[in-house]
Amino acid sequence: MSLQLVWLEVLRQREDSDTLWDLAIAEVEKRENPDDDDDDDVKPGEVWERSILFMGNKTGGKTTIILRCLEREESPKPTLALEYTFGRRARRHNTPKDVANFWELGGGTSLVELIRIPITSHNIRSFAVVLVLDLSKPDELWTTMESLLQVTRNHVNKILTKLEKTNPEVAAEIKQRMWNHLQRDHPDYALVDPFPIPLVIIGSKYDIFHEFDSEMRKIISKTLRFVSHYYGASLVFTSKSEALLLKARALINHLAFGYDKSKSVSVDPSKPLFIPAGLDSMSQIGPPPVSDSDLGKMRANTPLELWKKVFEKTFPPKSSCDLQDTKDPAQDSQYAEYEVDVMRAQKNQELEQYKRNASKSWKEMDFDSD
């Protein structure tokens with residue numbers, strides 16, 4: 001599916017009563033769910049369909065991970081806005097192939113509102129998120145993670161609120177599933193806040209991260225262990241190494257095709273982490289990596305807020321301006337589409353004309369000097 005074609009169709013059908021966002025979402029929902037069927041139950045012999053959204057740092061390796069999961073020998077290209085592909089796998093010999101829809105959000109945090117397009121009330125029961133964080137850029141790590149997960153969570157919660165009115169059984173099922181990985185008698189049950197849909201956190205570029213100072217590695221590793229456990233997520237560190245990519249692929253295949261979940265665990269900070277959801281604990285992670293005196297001075301309302309302050313004390317975050325992509329992908333020739341480019345050029349001309357008219361109006365106005 002071409003996102004640009006979707007937008008073109010939206011522009012053609014636009015009415016004054018709807019926003020572009022509403023129309024884009026409706027168009028994608030119509031194409032993905034022609035029968036408007038909320039029932040995701042799949043009977044034996046039928047095809048199971050799941051969806052995964054990959055998001056994270058710019059140039060963090062999301063496309064490479066997707067291509068490896070789909071066993072495609074392609075060279076990764078820069079992601080423009082929101083891109084889509086899919087994979088098919090058979091659970092057993094001579095059975096129909098299940099389908100996994102792979103969405104990839106480009107632009108780091110700058111295009112986060114586009115997550116409203118792939119995540120809908122129709123597919124929420126079979127949707128998962130993969131957050132790819134670039135371990136080589138710790139000063140961007142928390143800001144990227146917090147922004148993307150917060151917007152995604154808010155959007156999913158809005159969907160669940162609507163489902164509570166239209167299909168309360170499904171809403172209750174999804175909310176209960178959030179806690180499935182953690183037993184009620186678990187000592188951390190009251191300390192965590194599970195993400196509303198399955199979540200995998202991937203720390204990419206481990207080969208660069210491995211060259212960091214051991215204390216820096218320890219802080220980053222402990223922090224990501226805490227965040228993953230707090231959100232009920234799986235955590236894996238990876239790089240271009242085939243062995244590490246296979247571990248990431250195992251977690252993603254569990255989400256995409258229902259493959260068996262790995263029970264192996266690696267928590268040694270001197271080695272790549274691999275911790276499936278529910279197999280860690282606060283006692284094993286330990287306290288935030290800061291002195292007792294500094295810890296006593298920090299005020300926080302939640303454990304997550306406390307770990308954020310400790311992490312950003314060591315790795316002050318970049319400003320939001322620094323995280324914006326300065327390169328305009330609309331000028332890239334590989335994404336050229338005549339109809340869209342003509343329309344964009346026309347709107348640019350109208351914008352420049354508006355600026356000139358507005359400038360004249362301001363210059364002609366009299367202002368009181370008092």
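Residues numbered from 1 in each chain as written. Predicted model: local features only at pLDDT ≥ 70, side-chain atom pairs only at ≥ 80, totals over all residues. Heavy atoms only, no water.

### Here's the deal with the side chain of T85
Consideration 1: Position of T85 relative to the elements: it lies in strand 2 (residues 82-90).
Consideration 2: In terms of polar contacts, T85 uses its side chain to reach the side chain of R72, at 2.7 Å. (Helix = DSSP H or I, 4+ residues; strand = E, 2+ residues; numbered from the N terminus. Polar contact = N/O pair within 3.5 Å; in protein donor to acceptor, adjacent residues only side chain to side chain.)

### Digging into the packing of aromatic side chains
Consideration 1: Taken as a whole, this structure holds 14 aromatic pairs when the rule is applied.
Consideration 2: Seen in terms of ring centroids, Y206 and F237 are 6.2 Å apart; in terms of plane orientation they differ by 35°. Their pairing is tilted. With Y206 in helix 6 (residues 206-209) and F237 in strand 6 (residues 234-237), the pair connects residues that are 31 residues apart, well separated along the chain.
Consideration 3: Where Y230 meets Y231, the ring centres are 5.5 Å apart and the plane angle is 75°; that geometry is what we call edge-to-face.
Consideration 4: Y230 gets classed as buried once you look at its relative accessible area, which sits at 8%.
Consideration 5: What makes Y231 buried here is its relative accessible area of 13%.
Consideration 6: In textbook terms, an aromatic cluster arises when at least three aromatic residues are bridged by ring pairs, as seen for F195, F226, Y230, Y231 and W307. (Phe/Tyr/Trp six-rings, centres within 6.5 Å; stacked < 30°, edge-to-face > 60°. Buried < 20%, exposed > 50% of the residue type's maximum accessible area, 1.4 Å probe, protein only.)

### A few points about the environment of I201
Consideration 1: Along the polypeptide, I201 turns up in strand 5 (residues 199-204).
Consideration 2: Note: C-alpha distance between I201 and S234 (33 residues apart in sequence) is 6.1 Å.
Consideration 3: The contact partners of I201, leaving out residues within four places of it in the chain, are L131, L133, V227, S228, A233, S234, L235 and V236. (Contact = heavy atoms within 4.5 Å.)

### Some words on the confidence of the model for the chain
Consideration 1: Residues at a pLDDT of 70 or more form 76% of the chain, whose mean pLDDT is 80.
Consideration 2: Note that residues 8-18 has pLDDT below 50 and, in this model, 16 contacts with residues that lie over four places away or in other chains.
Consideration 3: With pLDDT under 50 throughout, residues 32-42 is counted as low confidence; its partners more than four residues away or in other chains account for 17 contacts. (pLDDT = per-residue confidence, 0-100.)

### A closer look at the side chain of S204
Consideration 1: Along the polypeptide, S204 turns up in strand 5.
Consideration 2: By relative accessible area, S204 is classed as buried at 3%.
Consideration 3: One polar contact links the side chain of S204 to the main-chain carbonyl oxygen of G60, over a distance of 2.6 Å.
Consideration 4: With sequence-adjacent residues up to four places away left out, S204 is seen in contact with G60, V132, L133, D134, L135, S136 and T238.

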